[in-house]
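# Survey of secondary and tertiary structure
Here's the letter readout for the chains.
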Amino acid sequence: MSLFHRLGAFCARRRYAVVAVWALLLLVALPFAPQLPGALRSGGFTLDDLEASKARQALAGLPVPPSAMVIVIQSQTDARAGDPEFEVAAAKAIAAVPTAAHVTGILPHTFAPRQVSADGKTVYEIVALDLSPDDSPDALAPVQAAITPQPGLKIMLAGAPAFYGDIQDLSESDLRRSEVISLPVAALALLLVFGSVVAAGVPIVVGGSAVVIALGALFFVAQATPLSIFVLNLATLLGLGLGVDYALLMTSRFREELRTRDTSDQAQINEAVAITVSTAGRAVFFSGLTVLLGLIGLVLFEFMVLRSVGIAGAAVVAVAVSAALTLLPAGLAILGARIDALPIRRRASVPGKEGDGAWARLANRVMDRPVLFFVGTLLVLLILGTPFLHVRFNAPDATILPASEPSREAYDVLAREFGEGEFAPLILALRTDGPVTDAQNVGLLYDYSRELAADPRVNHVEGMVDVDPRLTRDQYQLIYGAPGGPADRFVRNVLAQTAKGDVAAFTVYTPYEGNRAEALQLVVDLRNPLSALAPPAGVSVLVGGGPAEVHDVVARIAADFPRTAAFILVATYLVLFVLLRSVVLPLKAIIVNALSLTASFGALVWIFQDGNLSALLGFQPLGFVETTLPVILFCVLFGLSMDYEVFLLSRMKEVYDKTGDNRAAVARGMERSGRIVTSAALIVVVVAGSFAFADIVLIKALGLGVAIAVALDATLVRALLVPAAMRLLGRANWWMPARLRRLLPPLAALLLIGPLVLGCDASGRLISNPPALHPTTPPASPISRGPADPQPVVFPRDEAAHDRLTEWW
């Protein structure tokens with residue numbers, strides 16, 4: 001009797017108690033699940049050890065705010081900046097802003113001519129905040145409340161706080177929209193699969209309960225560790241998709257078991273539940289484990305946005321698997337034959353001959369010409385993946401939001417009126433040998449500023465040696481070398497703002513937005529000690545600012561990804577190695593999964609970077625792929641695709657263990673699992689595809705990426721590539737050296753405790769109900785510590801015994 005069989009039997013016996021426990025968890029989670037969005041955070045794309053962050057830290061002694069917001073004021077009349085009508089109204093609009101929470105100061109356009117557009121009808125005010133970039137959205141509501149609307153003026157908020165605030169609002173609305181679309185469609189798909197209202201309702205109830213409980217649990221997790229706002233959509237996608245998938249698989253197997261049993265006998269129903277858990281439940285456990293491993297790979301990244309998605313996803317998968325292995329069996333034991341109640345179509349009373357179904361015929365047709373199908377399918381997948389060869393990674397900006405969103409609208413106005421580079425300058429933290437006001441250092445900084453300004457990619461430079469273009473090098477040295485410092489008040493103010501001790505700040509403005517290739521290359525050149533833009537001897541530089549942040553994030557994720565990928569590949573191989581007891585099958589599964597991922601990534605580039613289907617899907621082409629997106633998709637999809645591989649191979653292995661015939665195992669395994677795997681994939685495609693209607697491009701891309709990968713996986717890969725590959729490999733699929741089998745740590749542990757728990761018969765075979773160890777009644781097994789048999793423990797070398805021990809585990 002396997003561990004899973006015992007779990008199923010326990011849940012069937014204690015069915016009402018198990019359901020009561022889950023009902024209690026659901027009641028506890030219900031008040032907290034809706035509060036999760038408010039507990040999540042935006043941002044999460046920076047680290048303290050990035051060079052851009054170090055530049056910010058080096059300038060911490062200067063009066064530079066950690067974050068800022070931009071108030072855009074646009075005239076709706078003929079009034080312009082400088083006109084009394086405009087200036088009075090603008091002053092009244094922002095009069096209360098300096099007193100708002102988290103505001104430390106404001107730089108109005110009246111003090112900075114560059115904050116006035118060429119036509120004078122648009123100005124912007126810079127609001128300094130005392131919050132870190134990730135926390136800056138907390139200032140959005142206070143600033144909004146402090147702004148007083150004025151006739152003739154259009155007032156908008158821009159900058160990171162407004163951007164992140166809109167992302168949070170849109171994430172919640174995207175989630176509500178996807179639920180409205182996906183739940184009814186998923187319910188309809190289940191109704192068509194099962195042909196019964198009750199059978200179709202069970203996966204929805206179990207999956208929905210798992211999602212609510214998981215979201216409630218994440219609310220408490222968010223109190224202990226920061227979680228990204230993107231967790232909300234991914235958690236729902238995974239929880240609902242996997243919860244319904246697992247319930248679908250288990251319910252289908254339970255109905256299959258009921259066909260040969262007396263459904264009026266509760267003991268028979270309980271046994272059907274136990275067998276369902278020992279077979280389908282075991283597949284669900286290992287499937288969930290592969291998904292879990294993929295999500296744990298995200299935890300290896302240091303970025304909060306990735307780490308939190310991994311933590312939340314792992315929690316959701318754990319709840320979904322737990323519900324499938326306990327709540328669902330208990331519910332099935334209660335329902336029994338009523339699982340087929342309220343039918344919408346007649347169910348076949350006598351199943352056809354095994355191996356004669358449509359899926360078996362397809363598998364045999366593929367296995368008759370395995371080379372043709374293998375090569376053909378492989379070429380299709382590789383062609384679909386070719387767009388990924390010209391992928392361009394970048395960090396998200398305001399363009400991921402719809403043009404109608406306030407922060408996006410404000411961004412577009414600023415970019416149009418002032419140039420996109422005006423709001424993504426590079427910030428250089430320069431350190432000199434000795435005080436920056438020493439004559440020699442002033443000269444070095446002056447020369448370096450002029451070298452930077454001469455570069456065609458630079459519009460202008462602002463710093464302590466850029467107060468007035470008419471001043472010469474010698475004049476700056478005299479001004480800053482004067483006893484008591486500069487005599488001019490304006491120059492003193494500039495010095496206080498841009499330099500302190502041996503540190504000076506240069507603000508380098510370019511024509512480019514922060515994630516443009518030219519801006520990123522400029523960052524590389526500034527950091528290269530051999531380039532023409534390297535600082536002079538005696539001056540060191542740290543490059544920060546928007547483009548530097550983008551460059552550093554992309555580079556760090558690219559550097560960390562191989563470690564994560566290696567972990568996922570090795571861990572998944574080991575899990576499948578234990579489950580399938582084969583050296584070849586896990587490797588084959590990993591290669592096949594990589595091919596379906598390649599096709600999905602190619603589609604991602606073709607749609608979102610190149611802009612194909614952008615009009616249909618309602619978004620503006622990005623021209624790049626957001627850096628974290630392929631990472632999240634890899635970690636999620638690798639486990640999710642392996643999910644179906646486990647379902648399929650588990651059924652094939654059942655047949656192979658009985659027959660030893662590889663071709664029959666493939667055909668019958670396909671027949672038993674093909675329809676269910678396709679139905680399960682359809683549910684995930686529906687749930688993930690519903691996010692194609694999201695307003696945030698990243699959420700849209702994530703949903704479509706999952707939907708495309710799963711659709712390809714359930715059709716081309718599982719229906720054609722897998723049977724062709726398994727036919728070509730033949731009996732090698734199931735190769736497992738006996739010595740290698742004994743090296744598995746789980747098997748070693750079972751060899752110690754398995755015989756004592758289950759017992760073995762005289763031939764070394766495990767028996768379900770071992771005799772009690774009693775001084776006067778020695779066990780029949782040679783593996784005994786009873787008084788009648790004081791010999792040391794001797795484990796049988798019979799391979800069947802090892803197989804049964806592994807099966808027990």
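The structure under discussion appears in the preceding block.
These lines cover the structure that appears in this document, whether it is placed above or below. (Residues numbered from 1 in each chain as written. Predicted model: local features only at pLDDT ≥ 70, side-chain atom pairs only at ≥ 80, totals over all residues. Heavy atoms only, no water.)

### Considerations on the overall build of the protein chain
A tally of regular secondary structure across the protein chain gives 27 helices and eleven strands. By sequence separation, contacts in the protein chain at least 24 residues apart represent 80% of the contacts at least 6 residues apart. When the accessible area of the protein chain is evaluated, it comes to approximately 32,900 Å², of which 63% is carbon and sulfur surface. (Helix = DSSP H or I, 4+ residues; strand = E, 2+ residues; numbered from the N terminus. Contact = heavy atoms within 4.5 Å. Areas by Shrake-Rupley, 256 points an atom, 1.4 Å probe, with all protein chains shown as cover.)

### Concerning helix α7 (residues 160-194)
The terminal C-alpha atoms of α7, which comprises 35 residues, lie 49 Å apart, in line with the 51 Å expected from a rise of 1.5 Å per residue. Where α7 ends, the next residue or the one after it, G195, has phi of about 70°, a positive value. (Expected span 1.5 Å × (residues − 1).)

### Regarding the environment of T99
Locating T99 in the fold gives a position in the loop between α5 (84-93) and β2 (103-107). Spatially, the C-alpha atoms of T99 and V143 are 9.1 Å apart, while their sequence positions differ by 44 residues. Separated by 2.7 Å, the side chain of T99 and the backbone oxygen of A96 make a polar contact. (Polar contact = N/O pair within 3.5 Å; in protein donor to acceptor, adjacent residues only side chain to side chain.)

### Topic: the pairing of strand β1 (residues 67-75)
Every regular strand shows the same layout, with side chains that alternate between the two sheet faces. Burial analysis of β1 places eight of its nine residues in the buried class, the great majority of the element. In terms of strand pairing, β1 meets strand β3 (residues 122-129) through eight bridges, oriented antiparallel. Of the residues in β3, the one forming a bridge with S67 is L129. Across six bridges, β1 lies against strand β4 (residues 153-158) in antiparallel orientation. (Buried < 20%, exposed > 50% of the residue type's maximum accessible area, 1.4 Å probe, protein only. Pairing = 2+ DSSP bridges.)

### Notes on α5
Within α5 the residues assigned to the buried category are F86, E87, A89, A90 and A93. On its buried face, α5 is in contact with β1, β3, α6 (140-146) and β4.

### Looking at unusual backbone geometry
Even without glycine at this site, H102 takes up a positive phi of about 75°. In this model, R581 sits at a positive phi of 50°, which is unusual for a non-glycine residue.

### A short note on the sheet that holds β2
Consider a sheet: its strands pair through backbone hydrogen bonds, and that pairing is either parallel or antiparallel. An order of β2-β3-β1-β4 is seen for the four strands of this open sheet, with the pairing classed as antiparallel. The open sheet has two edge strands, β2 and β4, and neither has a second partner. Each strand of the sheet is rotated relative to its neighbour by a mean of 25°, with strand direction disregarded. Sheet strands touched by α5: β1, β3 and β4. Its angle to β4, the strand with the most contacts, is close to 45°. In the packing of α7 onto the sheet, contacts are made with β1, β3 and β4, and the angle to β4 comes to roughly 80°. (Axes fitted to C-alpha atoms, helices over the stretch in contact; angles between N-to-C directions.)

### Some words on the packing of aromatic side chains
To describe a pair of aromatic rings, you give the distance between the ring centres and the angle between the ring planes. Counted by the stated rule, this structure contains 20 aromatic pairs. Ring centres 6.3 Å apart and planes at 70° place the aromatic pair F388 and F393 in the edge-to-face group. For F388, a relative accessible area of 24% corresponds to the partly exposed category. Look at Y656 and W734: their rings are 4.4 Å apart centre to centre, the planes differ by 15°, and that puts the pair in the stacked class. Of this pair, Y656 sits in helix α22 (residues 628-659) while W734 sits in the loop between α24 (697-729) and α25 (738-742), and the two are 78 residues apart along the sequence. With respect to burial, Y656 and W734 carry one shared label: buried. Within the aromatic cluster, the residues linked to one another by ring pairs are F4, F285 and F286. Above the ring of Y446, the side-chain terminus of R450 is found at 3.8 Å from the ring centroid. (Phe/Tyr/Trp six-rings, centres within 6.5 Å; stacked < 30°, edge-to-face > 60°. Lys NZ or Arg CZ within 6 Å of the ring centre and 35° of its normal.)

### Some points on the nonpolar core
Grouped together as the largest cluster of nonpolar side chains are 171 residues, with contacts concentrated most on I167, L218, Y246, V284, L298, I400 and V706. When residues of this core are assigned to their parent elements, the largest contribution, 19 residues, is made by α22. Discounting residues that sit within four places of it in the chain, V284 has contacts with Y246, L249, M250, V321, A324, L325 and F647. Counting 31 residues, the second largest nonpolar core, distinct from the first, contains Y448, M464, V541 and V543. (Core = buried A, V, L, I, M, F, W, Y, C linked by side-chain atoms within 4.5 Å.)

### Digging into the environment of M367
Relative to the helices and strands, M367 resides in helix α12 (residues 358-368). When sequence neighbours within four positions are dropped, the list of residues in contact with M367 reads R663, V666, A667, P723 and R727.

### A short note on the pattern of salt bridges
Scanning the entire structure with this criterion turns up 34 salt bridges. The residue R556 makes a salt bridge to D49 at a minimum N-O spacing of 3.2 Å. You can see R556 sitting in helix α19 (residues 546-580) and its partner D49 sitting in the loop between α3 (36-39) and α4 (51-58), a full 507 residues away along the chain. In this structure R556 comes out as buried when scored by relative accessible area, which is 18%. One salt bridge connects D713 with R718, and the closest N-O pair in it is separated by 2.9 Å. (Salt bridge = Lys/Arg side-chain N within 4 Å of Asp/Glu carboxyl O.)

### Here's the deal with the packing of helix α8 (residues 197-224) against helix α11 (residues 304-335)
One way to put it is that α8 packs onto α11 with a least axis distance of 8 Å and a crossing angle of 140°. With respect to α11, the element α8 is oriented oblique. In the crossing of α8 with α11, the sense of the turn from one axis to the other is right-handed. Only I311, A312, A315, V316, V319, A320, A323, L327, L328 and L335 of α11 make contact with α8, whose side of the interface consists of V198, V202, V206, A210, I213, A214, L218 and V221. Of the residues that constitute the contact of α8 with α11, the class distribution is 18 nonpolar, no polar and no charged. (Parallel < 35°, antiparallel > 145°, perpendicular 65-115°, else oblique. Left-handed = near helix turned anticlockwise from the far one by under 90°. Nonpolar A, V, L, I, M, F, W, Y, C, P; charged D, E, K, R; others polar.)

### Describing the environment of L522
One can find L522 in helix α18 (residues 517-527). Taking the C-alpha atoms as reference, L522 lies 9.3 Å from L426; in sequence the two are 96 residues apart.

### Notes on a nonpolar patch on the surface
The grouping of L188, L192, V197, L342 and I344 at the surface amounts to a nonpolar patch, some 480 Å² of accessible area in total. With respect to the helices and strands, L192 occurs in helix α7. Relative accessible area serves as the criterion here: at 55%, L192 is assigned to the exposed category. (Patch = residues over 30% accessible without salt bridge, like charges linked within 9 Å, V, L, I, M, F, W, Y side chains within 5 Å.)

### Some points on the pairing of strand β6 (residues 426-432)
Within β6, five of the seven residues are buried, leaving the element largely enclosed by the surrounding structure. In terms of strand pairing, β6 meets strand β9 (residues 503-509) through six bridges, oriented antiparallel. Looking at the pairing, R431 lines up with V503 of β9. Bridge count between β6 and strand β10 (residues 539-545): seven bridges; the pairing is antiparallel. Paired with T432 across the bridge in β10 is V539.

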